[in-house]
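# Tertiary structure, described
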Amino acid sequence: MPFSHAESRRARQDFPALSRPTGDPPLAYLDGPAGTQVPRSVLDAMNDYYEQANANTHGRFATSRESDRRMLEVRRKVAAFLGVDSWRRISFGQNMTTLAYSLSRALAREIRPGDEVVITQLDHEANRGPWAALGERGARIREVALTPEGVLDRDDLEAKIGARTRLVAIGWASNALGTVNDVEHARRLASAVGAQLVVDAVHYAPHFPIDGERLDADFLLCSAYKFYGPHVGILCARDGLLDQLEPERLSTQDQEAPYRIETGTLNHAALAGVGAAIDYLASWGEGDDLRSRSVDAMSSIAQWEHSLARRYEAGLRELPGVRIWGPPVARTERRAPTVSITVEGVDSGDVAERLGESGLQVWDGHFYAARAVEVLGLADRGGLVRTGFSLYNDPDEVDRLVAALREIAASAR
Ligand SMILES: Cc1ncc(COP(=O)(O)O)c(C=O)c1O
């Protein structure tokens, strides 16, 4: 099923935040990379959990059994969304960063001096800091270079992964530049030397279908608040791998995967919301089961979002003094609909501030992809101005944004 202007307009009705009274000019939510808005069905699912199933897990009474049933169902839905066969591969946590740190502390027990860990200059700190911390155990941290074009240096990636590599951590899509990395290539390189692969899919998951079985990462991480859900982190581990690790955990908790890395009581209501977010996305697709509806929906949503990013890029190209960073949108479909710019003579914070005054909500700075912004030479210039397109954005918002930027750029000339 195609997802185009009509579908996007209909989708807007599903998001209570989008009809929040805002005065004039209306708000345009162009900050999806920092977290999308939430549809009514997700809010309802969270409420419904509290009304119908609120209990701790594994009790011998009705609401606990209902709670267990719903939590299992959510794991199944996430497994379908991520394209993996078993719900036992799906663990939850507070957010992606917290899960990555738990994993890193577990992996630290196996690191020996001289082992190498590969991270990239493009990644969000959440996919760098936890792995760089393995340096405290004697690991040598190797950083794959980012080119001025905003893509990872392929030769450098190949050179940095070698016989001593134990772990390769790479983002699937950049939350700063929209670059989609060739994680399949990283998978092949890591496999060839027996290293484990961690893929940060936080920015990829809201925009593209994921085939986790095909990718075959050892660990894949994402975060539901980026794909229309509540704040929940998700870890998808290779079958059986979590059981071989020693994450910090209580002796009294469930010791098997996927529970093994889940400390304390999870936010059950939020998890109910995660399942509803996946159902919501899948409702825009066709197919016989959740997996096929979800793949169909994500593929057509990707095209809609890409068309908005292309329109934005084309508008920007007409503006003197505006520089677009990252790979050109028009050149490839394999690019997230996240476009970052700088405006000559205006600090990025001021650009975002002025856009905000016009109801155009975009982010500025480094968005925790601080190393990338530093490497691009923008760290002391206020970083980037980032716009991210989500399924509910529309061409009018793109045009408003371009018009506002035209004025800002002209005022500095
Ligand atoms: C690409 C990327 N990775 C990781 C994270 C961290 O996710 P979380 O907020 O769930 O810890 C973010 C959040 O912005 C992100 O954009």
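In this text, all values refer to a predicted model and were calculated from it rather than measured experimentally.

Annotation of the protein chain at the domain level lists domain 1 (5–37 + 299–411) and domain 2 (43–282). Between domain 1 and domain 2, the C-alpha centre-to-centre distance is 27 Å. If you look at where domain 1 meets domain 2, you find 1 salt bridge. The residue E143 makes a salt bridge to R371 at a minimum N-O spacing of 2.7 Å. Partitioned by chemical class, the residues of the side of domain 1 that touches domain 2 number 21 nonpolar, 9 polar and 7 charged.

This paragraph deals with the sheet that holds strand β12 (residues 363–365). Taken together, the 4 strands give an open sheet; going across it, the order is β9-β10-β13-β12, and neighbouring strands pair in antiparallel fashion. Two strands bound the open sheet, and with one partner strand each, they are β9 (322–325) and β12. Adjacent strand axes in the sheet meet at a mean angle of 30°, parallel and antiparallel pairs treated alike. Relative to strand β13 (residues 384–388), β12 runs antiparallel, the two sharing 3 bridges. If you follow D364 over to β13, its bridge partner there is V385. In the packing of helix α11 (residues 290–317) onto the sheet, contacts are made with β9, β10 (338–343) and β13, and the angle to β10 comes to roughly 15°.

Every residue lining the ligand is accounted for by N95, M96, T97, H124, A126, N175, D200, V202, S223, Y225 and K226. S223 is positioned with one of its side-chain polar atoms (N or O) 2.5 Å from an oxygen atom of the ligand. Between Y225 and the ligand, the recorded distance is 2.6 Å, taken from a side-chain N or O atom to an oxygen atom. Compared with its free state, where it exposes 400 Å², the ligand has 90% of that area covered by protein. Each residue belonging to the shell around the ligand can be placed in one class, and the counts come to 4 nonpolar, 5 polar and 2 charged.

Basis of the calculations
Residues numbered from 1 in each chain as written. Predicted model: local features only at pLDDT ≥ 70, side-chain atom pairs only at ≥ 80, totals over all residues. Heavy atoms only, no water. Domains from an automatic or database assignment. Salt bridge = Lys/Arg side-chain N within 4 Å of Asp/Glu carboxyl O. Nonpolar A, V, L, I, M, F, W, Y, C, P; charged D, E, K, R; others polar. Pairing = 2+ DSSP bridges. Helix = DSSP H or I, 4+ residues; strand = E, 2+ residues; numbered from the N terminus. Axes fitted to C-alpha atoms, helices over the stretch in contact; angles between N-to-C directions. Contact = heavy atoms within 4.5 Å. Near = heavy atom within 4 Å. Polar contact = N/O pair within 3.5 Å; in protein donor to acceptor, adjacent residues only side chain to side chain. Areas by Shrake-Rupley, 256 points an atom, 1.4 Å probe, with all protein chains shown as cover.

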